[in-house]
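Commentary on secondary and tertiary structure
These are the residues of each chain, in order.
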Amino acid sequence: MSIVRKVRAVERLFGRLDAEIQSFQSCTGLHCISGCGKCCTKADIEATPLEFLPLAFHWFINHQAEAMLEQLENDPSPICTLYAPLSSDLHLNGQGSCVNYPYRGLICRLFGYGASRDKFGELKLVTCKLIKEQQVESYEKAMALLNQKEYVPVFTDYYKKLMQIDFKLANQYLPVNEAISLALETVLSYYAYRPFPRMRKVA
Ligand code: SF4
């Protein structure tokens, strides 16, 4: 499958997930706290290269891929390279945002609104402490939906769907910046001996 087809397949998967999350949010009222980027400040976020292929391709067609790869190679921070804190002391207030939000990965979309199975096969919502503490009623509604076996997006199901697009690129869980770098390297090496894709420049 060509890179363009893989990118489009990942984008379609994200589109379906975003619609499911929107419906889950409107049923429960769960939402991220305005301006909060605390979950992006974690130093142990893991992701797969495939979930960042749309981002890498976006940078490539906008002639930013080499520069972004170089930036990543020279950045020793374990914090996601896309995270922009409002203050330099990012651990102090957790206020900040993703500078390329439409191109964020699968983990970024699922966290807060997706469920994982525990060792007994029961679904548990994977969300942040702030949401649990500050949106008690919404959190309880979400737990009730899970207990009633209503449909909610499940992490493993979505990662399996990602593997159906490209097993190798979706089966490597790496620190987030390494996953982004590998996505960039994949796009750059694919086009090293192929013509530049003909498409409009995307903002
Ligand atoms: S890609 Fe964006 S949303 Fe995901 S961890 Fe990085 S900054 Fe956060």
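Note: the structure precedes this text.
Structure report, in brief. (Residues numbered from 1 in each chain as written. Predicted model: local features only at pLDDT ≥ 70, side-chain atom pairs only at ≥ 80, totals over all residues.)

For the rest of this paragraph, the subject is the overall build of the chain. The secondary structure content of the chain amounts to 10 helices and 6 strands. Expected size for 203 residues packed as a compact globule is a radius of gyration near 17 Å; at 18 Å, the chain falls within 12% of this value. Expressed as lengths along the three principal axes of its C-alpha atoms, the size of the chain is roughly 55 × 40 × 30 Å. For the chain, with 203 residues in total, the buried portion stands at 29%. Long-range contacts, defined here as pairs at least 24 residues apart, represent 77% of the contacts in the chain between residues at least 6 apart. (Helix = DSSP H or I, 4+ residues; strand = E, 2+ residues; numbered from the N terminus. Rg over C-alpha atoms; globule rule 2.2 N^0.38 Å. Buried ≥ 20, exposed ≤ 12 C-beta atoms within 10 Å, placed from the backbone. Contact = placed C-beta atoms within 7 Å.)

Attention now moves to the site of the ligand. Taken together, the neighbourhood of the ligand is formed by C40, I45, C80, L82, Y83, C98, R104, G105, C108 and V176. Among the residues forming the shell around the ligand, the class breakdown is 8 nonpolar, 1 polar and 1 charged. (Near = placed C-beta within 6 Å. Nonpolar A, V, L, I, M, F, W, Y, C, P; charged D, E, K, R; others polar.)

Before going further, it helps to examine the packing of helix α1 (residues 3-28) against helix α8 (residues 155-165). For the pair α1 and α8, the least separation of the axes is 10 Å and the interaxial angle reads 160°. Accordingly, the angle class assigned to the pair α1 and α8 is roughly antiparallel. In this structure, α1 meets α8 at a crossing whose hand is right-handed. Where α1 approaches α8, its residues K6, A9, V10, L13 and L17 are matched on the opposing element by Y158, K161, L162 and I165. The class makeup of the residues in the contact of α1 with α8 is 7 nonpolar, no polar and 2 charged. (Axes fitted to C-alpha atoms, helices over the stretch in contact; angles between N-to-C directions. Parallel < 35°, antiparallel > 145°, perpendicular 65-115°, else oblique. Left-handed = near helix turned anticlockwise from the far one by under 90°.)

Here the focus is helix α3 (residues 65-73). All buried positions along α3 are accounted for by A65, M68 and L69. For α3, the angular spread of the buried residues around the axis is 100°, confining them to a single face. Facing away from the buried side of α3 by over 90 degrees, the exposed positions are E66, A67 and E70. Here the buried face of α3 lies against α2 (53-61) and α10 (176-190). (Arc of directions from axis to C-beta.)

Right, let's talk about the pairing of strand β4 (residues 114-117) for a bit. Strand direction decides the pairing type here: β4 and strand β5 (residues 123-126), joined by 4 bridges, are antiparallel. In the sheet register, R117 faces β5, and the bridge partner there is L123. Between the antiparallel neighbours β4 and β5 lie 5 residues, among them G121 with a positive phi of about 85°. (Pairing = 2+ DSSP bridges.)

A few words on the environment of F57. Topologically, F57 is positioned in helix α2. Since 28 C-beta atoms lie within 10 Å of it, F57 is described here as buried. Taking C-alpha positions, F57 is 7.5 Å from L184, a pair spaced 127 residues apart along the chain.

Right, let's get into the nonpolar core. Taken as a class, soluble globular proteins show a tendency for nonpolar side chains to be buried jointly. Grouped together as the largest cluster of nonpolar side chains are 44 residues, with contacts concentrated most on F52, L53, A56, A65, A183 and L184. Elements supplying a minimum of two residues to this core: α1, α2, α3, α5 (106-110), α8, α9 (167-170) and α10. No other element matches the 7 residues that α10 contributes to this core. Aside from chain neighbours lying at most four places away, what touches F52 is A47, G105, A179, I180 and A183. (Core = buried A, V, L, I, M, F, W, Y, C linked by C-beta atoms within 7 Å.)

Turning our eyes to something else, we now look at the environment of D75. Residue placement: D75 occurs in the loop between α3 and β2 (83-85). Note on D75: 12 C-beta atoms within 10 Å, which makes it exposed. In contact with D75, other than residues within four places in its own chain, are T81 and N177.

We now examine unusual backbone geometry. Positive phi, close to 60°, is recorded for H63, a residue that is not glycine. Residue K149 is not a glycine yet carries a positive backbone phi of 60°. Along the chain, K149 falls in the loop between α7 (136-147) and α8.

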